[in-house]
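Descriptive analysis of the structure
This is what each chain is made of:
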Amino acid sequence: MSLWVLRGLRDGVVTTRWPAKPDPYADDWRGPARLATSPADPTSPDDLTDLCPTDAITVTDGTVRVDQGRCILCGRCVAERPGVFAWSQGATGLAALTREQLIIPELPETDAAIQAARARLAMRTRALHRSVHVRHVDAGSDGSEEWEIQALLGPVYDIHRLGVFITASPRHADVLLVTGAGSRGMSGPLRTTYDGMPDPKVVIAVGTDAVSGGLLRDSDQTTGGVGATVPVDIWLAGSPPSPFGILNALLIAVGYLNPDGKRSR
Amino acid sequence: MTMITQPDVPALWHELESRVAAGHRFAGLFAARAADHNLVTLSAHLAVKGEGEVGGGVDTLQVTLPLGATRYPALTPRLGAAFWYERVIHDQFGLVPEGHPRLAPLIRPGQPLPRHVEGYGMFTIPHGPVRSGVLESIEYLVETPGEAIPHLNMRVFYKHRGVEPRFTGLALPDGVLLAERAEGIASVAHALAFCHAAERIAGCTPPAAAALVRVLHAELERIANHLDVAVRLADAAGLAVATARLALHKERVMRLISRMCGSRFGRGVVVPGGVTALPRLSPADLRAELDKLVTQVTAEATALMATSSFLDRLRGTGPLTPERARTHGALGPIGKAAGFADDNRLTRPYDAYPDLAVPPARAHAAGDAMARLRVRWEEVESSFGLLRLAADQLAERVGDQLRVRCEPADGRALGWAEAPQGEVLYDLSLAGGQIARCHPRSASFHNLVLMHEVFAGDILTDFPFIEASFGLSVAGVAL
């Protein structure tokens with residue numbers, strides 16, 4: 001046993017200081033597609049929509065929009081039309097309080113909806129303070145989102161330092177992390193878990209599959225995202241999201257961070 | 001690869017049985033309905049045993065059922081490995097395999113089965129589908145009189161996403177994306193198996209530099225997966241420091257992968273005809289990173305395998321008999337640990353493996369959780385060796401072509417790759433440049449059914465060790 005005590009001291013502290021201090025790995029993470037900063041005027045905008053395997057790109061009245069909640073990070077649009085699309089950079093800033101907020105540039109009417117959602121969430125998270133218990137349910141993921149959530153328990157991300165704990169029982173849970181495209185087989189167990197949690201509770205749809213169903217949106221075996229089964233409070237894009245992205249969404253859920261990334265208290 | 005058409009089902013089963021007895025490996029049984037008519041075809045895949053270490057390809061034996069057939073004589077009573085395959089066929093087509101021992105829905109929802117073991121004090125502990133940690137959804141029904149586990153039932157349908165029908169109608173580039181997401185923790189292996197099938201139809205060979213890049217990603221994926229299993233085993237034993245240390249190394253491997261290609265799971269690298277780009281890391285930087293990693297991982301593995309309180313939990317736990325491993329054709333580390341090694345990198349080599357000399361697996365026969373972990377450490381060691389070789393060879397090929405044209409129109413072929421869990425097999429049919437049908441078969445699907453049979457002498461507290469030591473992904477089971 002003394003062997004492991006000594007081994008535990010190797011490498012010193014490997015834990016990130018994020019969000020108190022910036023972390024380069026969080027900032028360098030390659031996220032969903034976005035519009036290029038000064039997008040070249042698309043000559044034939046109708047071709048753009050055909051680029052995307054999940055229909056994340058829409059063109060209305062000449063305005064090109066990317067739905068990051070549908071983006072599976074394949075990068076085809078960035079590779080084919082680099083003048084119009086680019087990778088987004090950074091693991092944070094991908095958690096939205098409304099589904100529409102993941103569509104960029106934002107639709108004109110969403111601002112009021114976001115304010116309302118923020119007020120609703122703030123009212124509930126006020127009661128959670130700084131100790132939060134999290135329950136995870138897999139509703140048909142490909143398995144990668146589970147790895148990224150598990151990573152949060154490891155020494156590098158170590159969510160315990162922020163007062164966040166994974167709990168086995170929904171009865172102890174404040175936050176529900178849902179992964180997967182919403183397989184029909186998991187609709188019942190997911191709903192039961194949600195109902196078993198005490199109020200107030202916050203639901204986070206973790207990853208593009210959970211937000212929109214990803215590539216399996218049109219499968220008759222999924223509900224095309226988990227929003228059809230439980231009311232989602234925070235929509236997190238990414239396929240899968242980075243552990244930093246999941247951590248960011250958790251901290252927004254507990255009111256530690258505002259959705260714009262600023263410390264709220 | 002040869003396609004052999006048989007006149008009727010009994011003839012097919014007879015041929016299959018005799019070839020399995022001759023040392024070939026049963027690799028899957030699928031049904032498909034032809035697009036233009038209602039005839040259903042059964043295809044059985046056999047991994048051919050070759051001369052010496054190098055095996056043959058994978059043969060397909062197939063039979064077309066008579067029009068309107070609703071039943072056929074089951075294969076399972078003759079070859080137990082078909083147990084789950086025939087249940088899936090029943091789920092998908094309503095075909096009844098006559099004589100199947102336990103024909104209940106597998107990937108479609110169904111009522112729990114009556115208890116298998118009856119007797120005084122017997123009860124069932126349902127475990128799942130919502131698990132107690134951050135795990136994939138599956139339900140285990142543990143039949144127990146208190147401590148021993150005379151029987152285990154598994155219900156895997158909860159995660160069924162309908163991946164297989166979703167392939168139909170996709171273009172090849174979209175097919176790769178779906179393959180990468182069939183079993184997310186083995187993205188590279190699934191993409192490879194899919195692309196190998198497409199490349200076989202097109203008759204093209206990826207350039208040498210692309211083959212090396214593919215090996216780099218496949219081997220890093222293997223190391224990450226094996227470390228994940230080690231993390232879960234250490235966690236099950238309550239070794240907090242070992243769990244943290246191993247999780248740290250796994251994170252380092254995943255960060256290395258993301259430095260190479262932008263994705264922590266190696267996605268978007270493998271495409272039909274080659275790879276999209278060279279690693280963004282220079283070969284010298286990659287070598288330096290690998291050298292650092294190999295020292296750290298080896299030291300941790302050595303320490304773990306010298307911790308007796310940990311090893312006590314693994315020794316003799318969840319044993320799979322060599323006989324059962326052979327008749328089932330157990331894949332990957334589970335097979336190797338029970339003396340049945342058929343590593344596709346060695347026996348049916350692809351990409352750069354023929355030139356890299358994959359070391360043959362060391363002989364194991366215990367088949368227990370301990371042997372499975374030993375196999376994983378040996379694979380990690382050989383993976384680091386392959387990575388170094390591939391990185392060195394790639395350094396001499398910077399600037400080479402990375403992709404050839406691969407636009408097949410029509411045809412059917414099999415593609416395979418050795419995932420960390422074992423062989424991944426793709427049966428791909430193209431028509432008019434689109435996917436007419438694609439049947440992925442993960443090692444997780446083929447191997448998980450063996451969990452029914454490894455609880456001899458084990459008790460409830462051994463369960464997490466056995467589950468972790470299998471190292472499978474439920475996503476790949478209930479596609």
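Just so you know, these numbers come straight off a predicted model, no measurement behind them. (Residues numbered from 1 in each chain as written. Chains lettered and ligands numbered in written order. Predicted model: local features only at pLDDT ≥ 70, side-chain atom pairs only at ≥ 80, totals over all residues.)

1. A few points about the overall build of chain A
In plain terms, the rule: Secondary structure elements are taken from DSSP: a helix is a run of H or I of four residues or more, a strand is a run of E of two residues or more, and numbering for both begins at the N terminus. Our radius of gyration is a C-alpha quantity, and the globule rule it is checked against amounts to 2.2 Å times the number of residues to the power 0.38. Residues are called buried when their C-beta atom has 20 or more other C-beta atoms within 10 Å, exposed when it has 12 or fewer, and partly exposed otherwise; all C-beta atoms are positioned from the backbone. By the convention adopted here, residues make contact when the C-beta atoms placed from their backbones lie within 7 Å.
Helix and strand counts for chain A stand at 9 helices and 11 strands. Computed over C-alpha atoms, the radius of gyration of chain A comes to 19 Å, within 12% of the 18 Å expected from 2.2 N^0.38 for 265 residues, which places it in the range of a compact globule. Each principal axis of the C-alpha atoms in chain A carries an extent, and together these give about 65 × 40 × 35 Å. For chain A, the proportion of its 265 residues judged to be buried stands at 51%. In chain A, of all internal contacts separated by at least 6 residues, the share reaching a separation of at least 24 is 77%.

2. Considering unusual backbone geometry
Residues and elements named next belong to chain A. Geometrically, the link from W18 to P19 is a cis peptide bond, its omega value of 10° lying close to zero. Looking at where P19 falls in the secondary structure, it is placed in the loop between α1 (2–9) and α2 (24–28). Omega for the peptide link from I104 to P105 comes to -10°, which places this bond in the cis form. When you line up the elements, P105 lands in the loop between β6 (103–104) and α5 (110–125).

3. Focus on the interface of chain B and chain A
In plain terms, the rule: The nonpolar class holds Ala, Val, Leu, Ile, Met, Phe, Trp, Tyr, Cys and Pro. Asp, Glu, Lys and Arg form the charged class, and all remaining residues, Gly among them, are polar.
Between chain B and chain A, the contact holds 40 residues from the first and 42 residues from the second. Mapped by element, the contributors of at least two residues to the side of chain B that touches chain A are α3 (163–167), α4 (172–180) and α7 (240–261) of chain B. Counting residues per element, the side of chain B that touches chain A draws most heavily on α7(B), which supplies 8 residues. Looking at the side of chain B that touches chain A residue by residue, the class counts come to 21 nonpolar, 9 polar and 10 charged.

4. Focus on the domain arrangement of chain A
Residue and element names in this part refer to chain A. Cut-off, in case you're wondering: Note that the domain bounds reflect an automated or database-derived domain assignment.
If you check the domain split of chain A, you get domain 1 (30–89) and domain 2 (110–253). Using C-alpha coordinates to define each centre, domain 1 is positioned 26 Å away from domain 2. The partner domain 2 presents 10 residues to the 10 residues of domain 1 that form the contact. Broken down by class, the residue content of the side of domain 1 that touches domain 2 amounts to 5 nonpolar, 4 polar and 1 charged.

5. Things to note about the nonpolar core
Across soluble globular proteins, nonpolar side chains show a tendency to be buried alongside one another. Condition: One nonpolar core equals one set of buried Ala, Val, Leu, Ile, Met, Phe, Trp, Tyr and Cys residues connected by C-beta atoms within 7 Å.
Core analysis: the biggest nonpolar cluster contains 234 residues, and V178(A), I204(A), I234(A) and L236(A) have the highest contact counts within it. Per element, the largest residue contribution to this core is 18 residues, and it comes from helix α6 (residues 208–236) of chain B. The contact partners of I204(A), leaving out residues within four places of it in the chain, are V175(A), L176(A), L177(A), V178(A), D233(A), I234(A), L236(A), A249(A) and A253(A).

6. Focus: the pairing of strand β13 (residues 422–431) of chain B
A regular strand places its side chains so that they alternate between the two faces of the sheet. Residues and elements named next belong to chain B. How we decide: Between any two strands, at least two bridges found by DSSP are needed for them to pair.
Counting buried residues in β13 gives 9 out of 10 residues, a clear majority hidden from the surface. One ladder, built from 9 bridges, connects strand β12 (residues 411–419) with β13; its direction is antiparallel. When the sheet's bridge partners are listed, A413 is paired in β13 with L428. Hairpin geometry of β12 and β13 is characterised by an intervening segment of 2 residues between the two adjacent antiparallel strands.

7. Some thoughts on helix α8 (residues 283–304) of chain B
Three- or four-residue spacings in an α-helix give side chains the same orientation, since the helix completes a turn every 3.6 residues. All names here are of chain B. To keep things clear, this is the line we draw: Given the number of residues in a helix, its expected span is that number minus one, multiplied by 1.5 Å. What the arc describes is the spread of directions from the helix axis to the C-beta atoms.
Taking 1.5 Å per residue as the helical rise, α8 with its 22 residues ought to reach 32 Å, and the 31 Å between its terminal C-alpha atoms agrees with that figure. Along α8, the positions that sit buried rather than exposed are L286, V297, E300, A301 and L304. The arc that holds the buried residues of α8, viewed along the axis, is 95°, so those residues lie on one side. Opposite the packed face of α8, turned more than 90 degrees from it, sit the exposed residues A284, D291, K292, T295 and T302. Structurally, α8 contributes buried residues whose contacts are with α6, α7, α9 (308–314) and α14 (369–395).

8. Remarks on the sheet that holds β6(A)
Residue and element names in this part refer to chain A. As summarised here, the arrangement of the 3 strands in space is β2-β3-β6, forming an open sheet in which the pairing is antiparallel. One side of each edge strand has no neighbouring strand; the edge strands of this open sheet are β2 (57–60) and β6. With 4 bridges joining them, β2 and strand β3 (residues 63–67) adopt antiparallel strand pairing. Within β3, the residue paired with V59 across the bridge is V64.

9. Here we look at the packing of helix α5 (residues 187–202) of chain B against α6(B)
All names here are of chain B. Let me state the cut-off plainly: For helices, the fitted line uses only the C-alpha atoms of the stretch in contact; every axis is such a line through C-alpha atoms, and the angle between N-to-C directions lies from 0 to 180 degrees. We call two directions roughly parallel when the angle between them is under 35 degrees, roughly antiparallel when it is over 145, roughly perpendicular when it lies between 65 and 115, and oblique otherwise.
Look at α5 against α6: their axes get within 8 Å of each other, and the N-to-C directions meet at 140°. Classified by the angle their axes make, α5 and α6 are oblique. From α5, V188, A189 and L192 reach across to α6, where they touch R214, H217, A218 and E221. Here the contact of α5 with α6 is built from residues that sort into 4 nonpolar, 1 polar and 2 charged.

10. Description of the confidence of the model for chain B
Heads up, the condition is: Confidence scores labelled pLDDT are given residue by residue by the predictor and lie between 0 and 100.
On average, chain B scores 93 in pLDDT, and the residues at 70 or more come to 98%. Quick note on the complex model: pTM equals 0.96, ipTM equals 0.95.

11. Describing the domain arrangement of chain B
Residues and elements named next belong to chain B. The domains assigned to chain B are domain 1 (3–98) and domain 2 (166–444). A C-alpha centroid distance of 27 Å is found between domain 1 and domain 2. Contacts between domain 1 and domain 2 engage 19 residues on the former and 16 residues on the latter. Every element with two or more residues in the side of domain 1 that touches domain 2 is listed here: β2 (25–33), β3 (40–47) and β4 (58–64). If you tally residues by element for the side of domain 1 that touches domain 2, the top one is β2, at 6 residues. Residues that form the side of domain 1 that touches domain 2 fall into these classes: 9 nonpolar, 8 polar and 2 charged.

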